[in-house]
Amino acid sequence: MERYQGVKFGHRRTGDSFAGDHDQLTTLNRWAYLFSELGLAPVHGNGAYGNQSYRTGASSFVITRSGMIPKKDLEPDNFCQVIDFEEATGTFVYQGMAIPSSECLLHHALYQSEPQINAILHGHSALFNRYADRLSIPVTASFEPYGTPELAESALALMDGITRFFLLKDHGFVALGEDVDQAGKVTLAAFARLIDFLQTLS
C-alpha cells in the first residue's frame, strides 16, 4: 500500500468551525468507525486508510479530516467542510480546525460528475483488490497515486450513472449513495458478497 505522506493540494481555511448538521455528522462518524472496526479503513500511524463525506451544496461537502483516527463517539473537529475548490491554484477552501482529507480531489470530482450522489465512502481492503474480478466489481484502468488529479480522473472514467461501488486499482474501494446510510449499505452488501465468496475457497 502506498505510504501516506499527507495532502497533495493547496488549502486555505476561512473559519475555525462550520455549521454541520449534527444528525448527518453522527451518521458519517458511525460509518467511519464501523469501517475501521471491520478492517475496511485500517488505522495506521498517521490516521486511517479511508475517508468519508456527504454533500452540503453544489460545490461543498463535509469530509473527514486528514489523519483522522475513527472514534466511536462524535468529535466534530474530526471533520471539516470544503466550501470551494480553486482550480487555477489547486486550492481547497474549507472551514474547520483540521485540514481536509487527502482525497478531497476524488470526492470533489465525483460530486461534480454525479449530481444525484450525496455521499461518498472510501476505504481499503486487500481482499477486495485481490478478488475484484471474481466478484465482478468495476476497477479503474490503472494505478494512480493517492490524492492526485489522475486518481480522480480514473474514477470518473467509470461513472455511468449506475455504478455505486468500484475499486481504485491497487488502492481501495469507493461507495456512492444518495445519502450516507445508502453508501454504507452498498459497502456492506459488497462485503457480504466477498465473505460468501471466501467461504467457497475453504
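Everything that follows concerns the structure shown earlier in this document.
So, a few notes on the structure that sits alongside this text. From a predicted model like this one, the values you see are computed outputs, not experimental measurements.

**Quick look at the sheet that holds strand E9 (residues 165–168)**
Link 1 in the chain: Pairing is mixed in the open sheet, where eight strands are placed in the order E1-E7-E6-E5-E4-E8-E10-E9. Here the strands that pair on one side only, and so sit at the sheet edges, are strand E1 (10–15) and E9. Within this sheet the neighbouring strands show an average axis-to-axis angle of 25 degrees, counted without direction.
Link 2 in the chain: Examined bridge by bridge, E1 and strand E7 (residues 91–95) share five bridges and lie parallel to one another. Opposite Gly10, over in E7, you have Thr91 as the bridge partner.

**Some points on the environment of Lys185**
Link 1 in the chain: Considering the arrangement of structural elements, one finds Lys185 in helix H5 (residues 180–201).
Link 2 in the chain: The sequence separation of Lys185 and Ala175 amounts to 10 residues, and the corresponding C-alpha distance is 9.0 Å.

**As for the packing of helix H2 (residues 104–113) against helix H4 (residues 149–156)**
To characterise two packed helices, one gives the angle between the axes of the helices and the distance between these axes.
Link 1 in the chain: Packing of H2 against H4 leaves a shortest axis separation of 8 Å and a crossing angle of 35 degrees. Read as a crossing pair, H2 and H4 show a hand that is right-handed. The residues of H4 that touch H2, namely those facing Leu105, Leu106, Ala109, Leu110 and Ser113, are Pro149, Ala152, Ala155 and Leu156.
Link 2 in the chain: Of the residues in the contact of H2 with H4, the class split is eight nonpolar, one polar and no charged.

**Considerations on the packing of aromatic side chains**
Two numbers describe a pair of aromatic rings. These are the distance of the centres and the angle of the planes.
Link 1 in the chain: Taken as a whole and judged by the stated rule, the model has nine aromatic pairs.
Link 2 in the chain: Relative to Tyr111, the ring of Phe61 lies with its centre 5.4 Å away and its plane at 40 degrees, an arrangement referred to as tilted. Of the two residues, Phe61 is situated in strand E5 (residues 61–64) and Tyr111 in helix H2; the sequence distance between them amounts to 50 residues. Side by side, Phe61 and Tyr111 carry an identical accessibility label, which is buried.
Link 3 in the chain: For Lys8, the ring lying beneath its charged end belongs to Tyr146, and the centroid distance is 4.0 Å.

**Side note on the side chain of Ser102**
Link 1 in the chain: Counting through the fold element by element, Ser102 comes out in the loop between E7 and H2.
Link 2 in the chain: Not counting residues up to four positions away in its chain, the partners in contact with Ser102 are Tyr4, Gly6, Val7, Phe9, Tyr146 and Gly147.

**A look at the pattern of salt bridges**
Link 1 in the chain: Counted by the stated rule, this structure contains four salt bridges.
Link 2 in the chain: The residue Asp181 makes a salt bridge to Arg30 at a minimum N-O spacing of 3.1 Å. On the criterion of sequence distance, the pair formed by Asp181 in helix H5 and Arg30 in helix H1 (residues 22–37) is long-range, its members being 151 residues apart.
Link 3 in the chain: Residue classification places Arg30 among the partly exposed residues on the basis of a relative accessible area of 42%.

**As for the pairing of E7**
Link 1 in the chain: Where burial is concerned, most of E7 is hidden: four out of the five residues are buried.
Link 2 in the chain: Sheet topology note: the strand E6 (residues 79–86)/E7 ladder contains five bridges and is antiparallel. Within the sheet, the bridge partner assigned to Val82 lies in E7 and is Tyr94.
Link 3 in the chain: Taking the residues that link successive antiparallel strands as the turn, the E6-E7 hairpin has four residues, and the phi of Gly90 there is positive, at about 65 degrees.

Reading the values: rules and limits
Residues numbered from 1 in each chain as written. Predicted model: local features only at pLDDT ≥ 70, side-chain atom pairs only at ≥ 80, totals over all residues. Heavy atoms only, no water. Pairing = 2+ DSSP bridges. Helix = DSSP H or I, 4+ residues; strand = E, 2+ residues; numbered from the N terminus. Axes fitted to C-alpha atoms, helices over the stretch in contact; angles between N-to-C directions. Left-handed = near helix turned anticlockwise from the far one by under 90°. Contact = heavy atoms within 4.5 Å. Nonpolar A, V, L, I, M, F, W, Y, C, P; charged D, E, K, R; others polar. Phe/Tyr/Trp six-rings, centres within 6.5 Å; stacked < 30°, edge-to-face > 60°. Buried < 20%, exposed > 50% of the residue type's maximum accessible area, 1.4 Å probe, protein only. Lys NZ or Arg CZ within 6 Å of the ring centre and 35° of its normal. Salt bridge = Lys/Arg side-chain N within 4 Å of Asp/Glu carboxyl O.

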